[in-house]
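One-letter residues, chain by chain:
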Amino acid sequence: MATSGGFVPRRQPHGLVTENLDGETLLYVEASHRAFCLNPPAARVWEAIDGRRDVGAIAKHAALDADLVLGTLGEMGEAGLLESVAGLSASRVDLSRRRLVRAGLVAIPFIIAITVPRAAEAASCTAGLPTGDRCTPAKPCCTGICNIPTGTCG
Amino acid sequence: MTSGREPLALALAGTLRHAWRSAGGPMELPAVDLRAWAERLVAGGVGALAWWRIRDIALAGAPEASALQEAFRFHAVSAARNERDLQHLVAHFNDAGIEPILFKGWTIARLYPHRALRPFGDFDLLVPCEQTERARGVLRELGPDLRERADVDTAETLARYLPDRSEAELFARARPESLEGARFRVLCLEDHLRLVALHQLHHGGWRPLWLCDVALLLEAAPVDFSWERCLEGDPRLSEGVLATAALAAELLGARLPPGTPHFVVPAWLRRAVLHGWIHGYESMPPSLYGLRALGWSRALRAVKARWPDPVSATVHLRAPFRTVPRPAVQMAECLRRAVDFARRDLRWRLGMDSELARVGKGVVA
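Just so we're clear, the structure is a prediction, and the values are computed from it rather than from any experiment. (Residues numbered from 1 in each chain as written. Chains lettered and ligands numbered in written order. Predicted model: local features only at pLDDT ≥ 70, side-chain atom pairs only at ≥ 80, totals over all residues.)

Caption draft 1: Region of the structure containing the overall build of chain A. Along its length, chain A carries four helices and six strands. Listed N to C, the secondary structure of chain A is β-β-β-α-α-α-α-β-β-β in terms of helices and strands. Out of the 154 residues belonging to chain A, those deemed buried represent 43%. (Helix = DSSP H or I, 4+ residues; strand = E, 2+ residues; numbered from the N terminus. Buried ≥ 20, exposed ≤ 12 C-beta atoms within 10 Å, placed from the backbone.)

Encoded structure:
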């Protein structure tokens, strides 16, 4: 049984955007501009984090082994989703991960870092004047010609 | 475009055919390198849209398709963030007595069957000219994050795409709407379609997402959609709008509104757009400022790299789409840019533009 069972995790109070999509929970961390995908078991853990439940109560609520919950909380902490993971023992998290691998057929919570699609966001163009916005591959010139080193349009 | 790359470009078009609809219909498996196929879709801003199209067929299980699903997930959570911030942004504009027109980005994204399908990186806002400073003041108050993600335009700055629409016309035709109490306007569909079509032509049409936007807007046209209103203004630019609509119909299967004037897509336009889809945004070599320091061989390479694409050259020069050979148009555009460059270079040398001089000296050094 987990020794950090009394730890009460708290979500980051600010700068998190959540979206539910086809049973998965997606999270955007504004401080790091990183996004994460929680599979349904991890989403159950996330949902159970209310600032009052400890690890044991979360495990019960999410119908998961407490060590799996500990491992998941450790990953959530690393991802910047939790306020603090100081109450979690690092060795315990590592042990959970080994158990997680051995768990085989158990529904394992996963937290996947979502890769930011390269140049996928369609930003408006810039005039690229020396006094204005710089042009970049993601922010092309209205003329279509960007001098990348200077950020000016040709 | 070399013929070797054409199958890939056509595979992209096949994947995106009707992709903006709730159900895209049957689709053939692309007979191309799936890794390159997925890479070009993601780079073109249509990774999520492609995932939407293939999500229920066997292709979704291919390892290469995971990049598309990643794009879908990322845009889903980004869209949630953008929507939250947009309400906040517009509410602050309202507090300052400004009711902006929203265009492109979110106003198009919300027309897709899922908000994750159309990524956008910034908020495009149009305000009356006399409210520009006030609008910029609002953005300053909102902090760097929102300031960097919001572009304030006026009819004057938007003239790069819509030179034949006055501020009064754009605002009078725009439709009032609200988002959780925040009031804004949206361009009428005729003006919006014209803007979106000309915007992509100005950029050489390299992003497939832009043509999907045109297809979506064409199919969103209400029964009273007026081509007359959409095409009023500069006839050469109107020809470009029609050409883009016809291209969306030809490549993506867009349904054209009733009464669409007949237009045959010129082969060069189709070829150039497909070339752009494969090669993407082509960045330029170092600035031409300080040419003498760069040397003639590098200068020649720089000029070669700046050879304009036929699409943007045509629309920048307002050249006809069908009667003049494209190399002539590209040559003329190259000359226009060279004259513009020489003019600015002269200003730099004469010290008439201190900011430009600072940038130029940095490059030479």
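The rest of the description comes next.
Caption draft 2: Fine view of the sheet that holds strand 1 (residues 101-103) of chain B. Residue and element names in this part refer to chain B. Across the sheet, which stays open at both edges, the five strands sit in the order 3-2-1-5-4 with mixed pairing between neighbours. Two strands lie at the open edges of the sheet, namely strand 3 (150-153) and strand 4 (175-179), each paired on one side alone. Strand-to-strand twist in this sheet, taken as the mean axis angle between neighbours without regard to direction, amounts to 40 degrees. Where strand 4 and strand 5 (residues 182-186) come together, five bridges link them in antiparallel fashion. In the strand pairing of strand 5, P176 is matched with R185. (Pairing = 2+ DSSP bridges. Axes fitted to C-alpha atoms, helices over the stretch in contact; angles between N-to-C directions.)

Caption draft 3: Broad picture of the pairing of strand 2 (residues 123-126) of chain B. All names here are of chain B. Burial along strand 2 is two-sided: F123 and L125 and D124 and L126, pointing in opposite directions, are all buried. Judged from the three bridges that link them, strand 1 and strand 2 form a sheet pairing that is antiparallel. Residue pairing for strand 2: I101 is matched across the bridge by L126. Pairing between strand 2 and strand 3: four bridges, direction parallel. From the neighbouring strand, D124 faces strand 3, where its bridge partner is D151.

Caption draft 4: Layout of the packing of helix 9 (residues 189-202) of chain B against helix 10 (residues 208-219) of chain B. Residues and elements named next belong to chain B. One way to put it is that helix 9 packs onto helix 10 with a least axis distance of 9 Å and a crossing angle of 160 degrees. Taken together, the axes of helix 9 and helix 10 are roughly antiparallel relative to one another. Between helix 9 and helix 10 lies a crossing whose hand is left-handed. On helix 10, the residues that touch L189, H192, L193, V196, A197 and Q200 of helix 9 are W210, L211, D213, V214 and L217. (Parallel < 35°, antiparallel > 145°, perpendicular 65-115°, else oblique. Left-handed = near helix turned anticlockwise from the far one by under 90°. Contact = placed C-beta atoms within 7 Å.)

Caption draft 5: Geometry of the nonpolar core. Of all hydrophobic cores here, the largest spans 131 residues; its most connected members are V69 of chain A together with L49, L68, C212, V214, A215 and A248 of chain B. The leading source of residues in this core is helix 4 (residues 66-95) of chain B, at 12 residues. Setting aside its immediate chain neighbours within four residues, L49 of chain B contacts L16, A19, W20, L117 and C212 of chain B. (Core = buried A, V, L, I, M, F, W, Y, C linked by C-beta atoms within 7 Å.)

Caption draft 6: The arrangement of the domain arrangement of chain B in detail. Residue and element names in this part refer to chain B. Assigned domains of chain B: these are domain 1 (1-282) and domain 2 (291-364). Using C-alpha coordinates to define each centre, domain 1 is positioned 28 Å away from domain 2. Facing the 18 residues of domain 1 at the interface are 11 residues of domain 2. When contributions to the side of domain 1 that touches domain 2 are tallied by element, the ones reaching two or more residues are helix 9, helix 12 (235-252) and helix 13 (267-279). Here the side of domain 1 that touches domain 2 is composed, by residue class, of nine nonpolar, six polar and three charged. (Domains from an automatic or database assignment. Nonpolar A, V, L, I, M, F, W, Y, C, P; charged D, E, K, R; others polar.)

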